[in-house]
Each structure stands twice: as C-alpha cells, then as structure tokens.
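Architecture and fold: a report
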Amino acid sequence: MDRLENLIDVISFDGIGYQPLIHCRDFRVAMLNYHPELEIQNIGNFQQHSLTDEAFILLKGSCTLFIAEDETLQDIHGIALEPYKIFNVKQGTYHTHTLSKDASVLIVEADDTCDDNSPMVYVDDAIRARLAAAFDKANTTATNNQ
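Note that the coordinates shown come from a computational prediction; the quantities given were computed from them, not determined experimentally. Numbers given to residues run from 1 along each chain, matching the order in which its sequence is written. Since the coordinates come from a predicted model, pLDDT governs what is reported: local features require at least 70, and pairs of side-chain atoms require 80 or more to be given and counted, while whole-chain, interface and lining totals use all residues. As a rule here, side-chain values come from all non-hydrogen atoms in the structure, and water together with hydrogens is ignored.

Criterion for a salt bridge: a side-chain nitrogen of Lys or Arg within 4 Å of a carboxyl oxygen of Asp or Glu. Here the structure, examined in full by the defined rule, presents four salt bridges. In this structure, Arg 28 and Glu 109 form a salt bridge, with 2.9 Å as the shortest nitrogen-oxygen distance. One end of the pair, Arg 28, is in strand β2 (residues 27-33); the other, Glu 109, is in strand β9 (residues 104-110), with 81 residues separating them in the sequence. When a residue's accessible area, from a 1.4 Å probe over protein chains only, is under 20% of the maximum for its type it is buried; when over 50% it is exposed; and in between it is partly exposed. On the basis of relative accessibility, which here comes to 9%, the residue Arg 28 falls in the buried class. For Glu 109, a relative accessible area of 6% puts it in the buried group. Its salt-bridge partner being Arg 28, residue Asp 111 comes within 3.9 Å of it at the nearest N-O pair. Remark: Arg 28 occurs in strand β2 and Asp 111 occurs in the loop between β9 and β10 (120-122); sequence separation between them is 83 residues. Strands are runs of DSSP state E lasting at least 2 residues, helices are runs of H or I lasting at least 4, and numbering of each runs from the N terminus.

Have a look at this one:
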C-alpha cells in the first residue's frame, strides 16, 4: 500500500458545511454538506464569482440551487439538483443554495475563488420569502417530473 499512497489520494469529508479537498493547478474540488446556516430561514447572502463558473454535482440527499437574475435579487429561480448531473453556474451569476440534512454536493471551481473576487449581496426577510417561494416551486416541479 505504501507505493500506492504515492500514486493516489483517497479523500472524504463527513463534517458539516464546505471543505476544499483537492487543489490542482487552476481548480479545486470541494464537498458541501448540510450546515444549519444553509436552511432557508438562515441564508445570509447570495454571491457571484467574477472570474469563474462554479459546478455543483449532487451526490446524495437534496439540494436546491437559487439563481438570481441580477444583484437586486428581485427575480430568484430555484433549481432542484438531480443526482449525478452537473449544474454549472455561469461566471457573474448570483447564487446560493439550501441542502437537506443528508445532502452531499461536490463542487468544482477555480482554485483562486475567494471573497476578493466573489461579491455578496446580503439577504433580508423579504428576500428569504422569495427564496421560500422559489424553493416550493422548484421542488413541486421536480416532484411532478418524477
């Protein structure tokens, strides 16, 4: 096994929240698991990435991705992720997400993604109400399509 350790890394993450796991040249792979701050009533902001796209792959549980048409957050769309499909959020798109307690989402993004190049818009109760409506619509649509 010692020789194999020089050839392959086997990495997992069972904690809560976001954890980068692999950094390789220009990209990183991270895992996002449930965290209480990701419940709709606790979501604090939307963010966008000025320099890169960000890809989400649902591995288990459920995750609803929220996309805003612009920084006003007036028009919010909810998308229920489907397991093993890649959902690529385009550069400059404001987004956030909510996860079920059993969810795990794989995230691939540029390794230099950080707060300095990822502006945030903070969420108030009116925006949280729009998030809840977008969540209900996305998950009703997803249920009806099964």
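Alright, that's what it looks like, and here's the rest.
So, about the sheet that holds β2. Here a strand pair is declared whenever DSSP counts at least two bridges between the two strands. Taken in spatial order, the five strands make up an open sheet running β1-β2-β9-β4-β7, and their pairing is antiparallel. What marks the edges here is a single partner per strand, and that holds for β1 (17-24) and β7 (86-89). The sheet shows a mean angle of 25° between the axes of neighbouring strands, direction not considered. To get an axis, a line is fitted to the C-alpha atoms, and for a helix only the part in contact is used. The angle between two axes follows their N-to-C directions and goes from 0 to 180 degrees.

A pocket here means an open set of points on a 1 Å grid, computed over the protein atoms alone, that has protein on both sides within 12 Å along at least five of seven lines. A cavity is instead a set of points where a 1.4 Å probe fits but cannot get out; residues with an atom within 4 Å of a point line either one. Grid points are joined across faces, edges and corners, and a volume is the space filled by probe spheres set on the points. A volume near 510 Å³ is recorded for the largest pocket. Among the secondary structure elements, those contributing two or more residues to the lining of the largest pocket are β1, β2, β3 (45-47), β8 (94-99) and β9. Here the lining of the largest pocket gets three residues from one element, more than from any other, and that element is β8. Each residue belonging to the lining of the largest pocket can be placed in one class, and the counts come to seven nonpolar, twelve polar and five charged. Residue polarity is assigned by list, with Asp, Glu, Lys and Arg as charged and Ala, Val, Leu, Ile, Met, Phe, Trp, Tyr, Cys and Pro as nonpolar; anything else, Gly included, falls into the polar class.

Before going further, it helps to examine a negative patch on the surface. Candidates for patches are residues over 30% relative accessible area with no salt bridge; among them, like charges are joined within 9 Å and nonpolar side chains (Val, Leu, Ile, Met, Phe, Trp, Tyr) within 5 Å. Each accessible area value is a Shrake-Rupley result obtained with a 1.4 Å probe; residue values ignore everything except the protein chains displayed when judging cover. When charges are counted, Lys and Arg are positive and Asp and Glu negative, with His and the chain ends excluded. By convention, charge coordinates are those of NZ in Lys, CZ in Arg, CG in Asp, or CD in Glu. A cluster of acidic side chains, namely Glu 69, Asp 70, Glu 71 and Asp 75, defines a negative patch on the protein surface. Within the fold, Glu 71 resides in the loop between β5 (63-68) and β6 (76-80).

It is worth spelling out the environment of Val 89 at this point. Examined against the element boundaries, Val 89 turns out to sit in strand β7. Look at Val 89 and you get buried, because its relative accessible area is 5%. It is 18 Å that separates the C-alpha atoms of Val 89 and Ser 104, two residues lying 15 residues apart in sequence. Filtering out sequence-adjacent residues up to four positions away, Val 89 remains in contact with Asp 53, Glu 54, Phe 56, Leu 65, Ile 67 and His 95. Whether two residues are in contact is decided by their heavy atoms, any of which lying within 4.5 Å being enough.

This is a description of form; function is not addressed.
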